[in-house]
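Next come the chains, spelled out residue by residue.
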Amino acid sequence: MLRRIIFCLLFACGLIAITHAENSVKSELEIQINGINDTKVKQSLIDNITLSRFKDFALAHPNQMQLLLKKSDDEIKTLLEPYGYYKPVINTDFKVQNNKWIVIFNIQLNAPLYINSLHVNIVGAGKGSKFAKKTLHNFPLKEGEILTQTQYEKAKFLLTDSFFNEGYLDATLTEHQVRINLLKYSAEIVLTVDTGEQYKIGEINIKQNRYEYSPEFIYDLILIKQGSNFSQNKITQANKRLQDSGYFSSAQIVPLISQRDQQNKTVPINVKLTANYSRNYTFGVGYGTFTGPRVSFGTLFRHVTNTGQQFSFNIEASPANTTFSTSYTFPGQDPLYDNWNINAQQSYIETDTYNERQTNFGLIHTHKYGNWQATTSIQQYLTNYSTVANSNNINGKYLVPGIALVYDSTTQNGFYSEGLIWNNLLQASIKSPLSDQNFIRNMMSIYYSFPLNLDWNRLLFAGYWGFTTVNNIQDVAPNFRFYAGGIANLLGYPYLSQGPTVNGNVTGGRYLATGFAGVEQRIYGNFSTMLYYNLGNASNKPNLSDIQILKAGGIGLSYKTPLGPFMAFFTRTLNRNDQHWRFDLSIGVNL
């Protein structure tokens, strides 16, 4: 007490002296806090004590300083309690610099208060649920941790809000106590939540605009039905599924919680849908040194039936490859991830190594499992082709069942995407009236992107490997053989121009192995450059001993445009007997 009185007298005398100085200047009061490292906590203390809020009053009434300091001391102690400190020791100092009065609170926090006992009780219908166990496992308060107000309030909110979101709409926190014993310096927390009963989904009211799909199809899309357990997560997932389906331009599922039936424990649901327009047109143009000018056009007929069946027609045309394709899609049990497809395709391929006219049609089934997609198919191929090794026109037919597995974990992260894409296609043909040859063909590709800096650079790796089990590769059509060359698998060489030869003419091979590695650097905006190296070839032997492994490296330039990427590659081949430069360009849509 004596220290406070002396301090206030000195403070008053100093203030009077400054006030009557010849060159009188208005005094200032500065508050400093020592002993706390957290800047946000320190500023919070300064902003919320009385001495800070009444600075002008303190300067004008020095006789009230003792009261203001005592009040500020007590306030600091109270303000530190939410952070777990209940026994701080505070010493106050004062000094004058020029016309500035500086008050310093030296705080010794001492040991924080720990949670010695924690009792979380869940009563009601949700007591024994898996969700209750998960909630307790992830509870934000733990015995032995520092007691903070933030975590305590978070815990209270979690108990009621989490059960509310899980469908226990009457969940109530019936007990919430913090028992602090300062003598033992211990804390006991007791929390009890009464979950009540879990609500069910009540009547589902579907309102559709522009086109009406059958209710059964809508139920298959949203995966919620009347009588199933209600949860906010189900509603969120159902909304996302509708938006991802492509059938609707707008979709919204609204649970009418305020209109819930508390007696029967049900929640009515409103589903508001606006279908996309019945036809969707796509168009793209581009150019590539390996294909020449190219164009694509597609039409999708969305509303063939009210059960989600669709029809599409597409054209992709370039001097190297022109394809006409149609498909009719039947949604499966889960329309978002499961569908059947009847397809037909006519293509014309002209390369330096072969020309081929191909007709194929068949049935495809596709199913997605998270990052995985499995596609099973059976296709009938009818071909007419000629190669540089055999200029005669040859007809071929192949009935080919196949299965394709794709794993795609890529995500857009900053400017670049990152992740892995693995693709494997296994096909087979058995000699029969519908097939000319026995063979098994497998083609695998892998692509990996790893950003070093999310906005500026990344590493790229790619590889292709395949085989065909046929004694003489010239007994099957070119589309079942392997060729190397082009942007797709071996830069530095013309499109599908490399592989085993007969009398100097490329025949295509039974095996393919190529690899690619590069580092891409973003320069500015959508413009980036890349250094790369690739190697490999097509072969008739699994160890590639019958051919020369081709190697090349170079620099690539890329610019992202609304019509597709602009890419240019300057490649130098690195084999001793064949060193040359090659320029490849690709603009816009890829075929």
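Quantities reported herein were computed from a predicted structural model and do not represent experimental measurements.

Scoring rules and cut-offs
Within each chain, residue numbers correspond to sequence positions counted from 1 in written order. Only residues with pLDDT of at least 70 are given local features in this predicted model, and only at 80 or more are side-chain atom pairs given and counted; all residues enter the totals for whole chains, interfaces and linings. For side-chain calculations, the full set of non-hydrogen atoms in the structure is used, while hydrogens and water are omitted. Working definition: helices are DSSP H or I runs of at least four residues, strands are E runs of at least two. Numbering for both runs from the N terminus. Here the radius of gyration uses the C-alpha set of atoms, whereas the globule reference equals 2.2 Å times the residue count to the power 0.38. Residue contacts follow a heavy-atom distance rule, with two residues in contact if any of their heavy atoms lie within 4.5 Å. We count Lys and Arg on the positive side and Asp and Glu on the negative side, and we leave His and both chain ends out. Every charge is mapped to an atom, namely NZ of Lys, CZ of Arg, CG of Asp or CD of Glu. When DSSP finds two or more bridges between a pair of strands, those strands are recorded as paired. Helix axes are fitted to C-alpha atoms over the stretch in contact, other axes to C-alpha atoms as well, and angles between N-to-C directions run from 0 to 180 degrees. Only the six-membered ring of Trp is used, alongside the rings of Phe and Tyr, when aromatic pairs are assigned; centres must lie within 6.5 Å, and planes under 30 degrees apart are stacked while those over 60 apart are edge-to-face, with the rest tilted. We call a residue buried when its accessible area falls under 20% of the maximum for its residue type, exposed when it is over 50%, and partly exposed in between, using a 1.4 Å probe and counting protein chains only. Charge-over-ring contacts are defined here by two conditions on Lys NZ or Arg CZ: a distance within 6 Å of the ring centre and an angle within 35 degrees of the ring normal. A cavity here means a set of 1 Å grid points, computed over protein atoms only, where a 1.4 Å probe fits but cannot escape. A pocket is an open set with protein on both sides within 12 Å along at least 5 of 7 lines, and lining residues have an atom within 4 Å of a point. Grid points are joined across faces, edges and corners, and a volume is the space filled by probe spheres set on the points. Remark: nonpolar core denotes a set of buried residues (Ala, Val, Leu, Ile, Met, Phe, Trp, Tyr, Cys) joined through side-chain atoms within 4.5 Å.

## Overview of the overall build of the protein chain
If you tally the helices and strands in the protein chain, you get nine helices and 28 strands. Relative to the compact-globule value of 25 Å for 591 residues, the protein chain shows a C-alpha radius of gyration of 37 Å, a clear excess of over 25%. Each principal axis of the C-alpha atoms in the protein chain carries an extent, and together these give about 115 × 70 × 45 Å. A sequence separation of at least 24 residues applies to 56% of the contacts in the protein chain between residues at least 6 apart. Looking at the protein chain, you have 50 positive and 42 negative side-chain charges, and the mean spots of the two groups are 3 Å apart.

## Examining the sheet that holds strand E2 (residues 89-97)
In spatial order, the strands read E1-E3-E2; together these three strands make up an open sheet with mixed pairing. A strand with exactly one partner marks an edge of an open sheet, and here the two such strands are strand E1 (28-34) and E2. Direction aside, the axes of adjacent strands within the sheet are offset by 20 degrees on average. Of the strands in this sheet, E2 and strand E3 (100-108) are in contact with helix H5 (residues 65-80), which crosses E3 at around 40 degrees.

## Focus: the packing of aromatic side chains
Taken as a whole, this structure holds 25 aromatic pairs when the rule is applied. Ring centres 5.0 Å apart and planes at 55 degrees place the aromatic pair tryptophan 372 and tyrosine 407 in the tilted group. Linking tryptophan 372 in strand E16 (residues 372-387) with tyrosine 407 in strand E17 (residues 394-408), this pair joins segments that are 35 residues apart in sequence. On the basis of relative accessibility, which here comes to 39%, the residue tryptophan 372 falls in the partly exposed class. Relative accessible area serves as the criterion here: at 23%, tyrosine 407 is assigned to the partly exposed category. Both rings, one in phenylalanine 415 and one in tyrosine 416, keep their centres 5.0 Å apart while their planes meet at 85 degrees; by these two values the pair is edge-to-face. For the pair phenylalanine 415 and tyrosine 416, one class covers both residues: buried. Ring pairing ties together the aromatic residues Tyr211, Tyr213, Phe217, Tyr247 and Phe248, which thus form one cluster. Above the plane of the ring of tyrosine 277 lies arginine 210, whose end atom (NZ or CZ) is 3.9 Å from the centre. Positioned above the aromatic ring of phenylalanine 415 is the side chain of arginine 522, whose terminal nitrogen or guanidinium carbon lies 4.2 Å from the ring centre.

## Notes on the side chain of histidine 365
Within the secondary structure layout, histidine 365 lies in strand E15 (residues 354-369). For histidine 365, a relative accessible area of 16% corresponds to the buried category.

## Let's talk about the pairing of strand E12 (residues 310-317)
Pairing geometry for strand E11 (residues 292-301) and E12, over seven bridges, is antiparallel. When the bridges of E12 are listed, threonine 299 appears paired with phenylalanine 313. Pairing analysis gives seven bridges linking E12 to strand E13 (residues 321-331), with the strands arranged antiparallel. Its bridge partner lying in E13, glutamate 316 is registered against threonine 323. In textbook terms, the turn of a hairpin is the stretch between consecutive antiparallel strands, and for E12 and E13 this stretch comprises three residues.

## Here's the deal with unusual backbone geometry
Unusually for a residue other than glycine, leucine 223 sits at a positive phi of about 60 degrees. Of note, leucine 223 is situated in the loop between helix H8 (215-222) and helix H9 (232-244). Residue classification places leucine 223 among the exposed residues on the basis of a relative accessible area of 52%. Positive phi, close to 55 degrees, is recorded for asparagine 503, a residue that is not glycine. Here asparagine 503 shows up in the loop between strand E22 (501-502) and strand E23 (505-506).

## Focus: the layout of surface pockets
Taken as a whole, the second largest pocket encloses approximately 310 Å³ of empty space. Lining the second largest pocket we find 15 residues, and of these Ser312, Asn314, Ser327, Thr329 and Asn341 sit closest to its centre. Every element with two or more residues in the lining of the second largest pocket is listed here: E12, E13 and strand E14 (338-350). By residue number, the principal contributor to the lining of the second largest pocket is E14, which donates five residues.

## Some remarks on the nonpolar core
If you look at the biggest cluster of nonpolar residues, it comprises 24 residues, and the most contacted ones within it are Phe230, Leu242, Phe248, Ile253 and Ile269. Among the elements of the structure, strand E7 (200-209), H8, H9, strand E8 (248-255) and strand E9 (266-275) are those that each provide at least two residues to this core. Sort the elements by how many residues they give to this core and E9 lands first, with five residues. If near-sequence neighbours (up to four positions away) are discounted, phenylalanine 230 is found in contact with Glu166, Gly167, Leu169, Gln198, Tyr199, Lys200, Ile201, Ile235, Pro255, Ile257, Val267 and Ile269. By size, the runner-up hydrophobic cluster in this structure holds 23 residues, among which are Leu45, Leu69, Val103 and Phe105.

Limitation: the analysis is restricted to geometry and does not speak to function.
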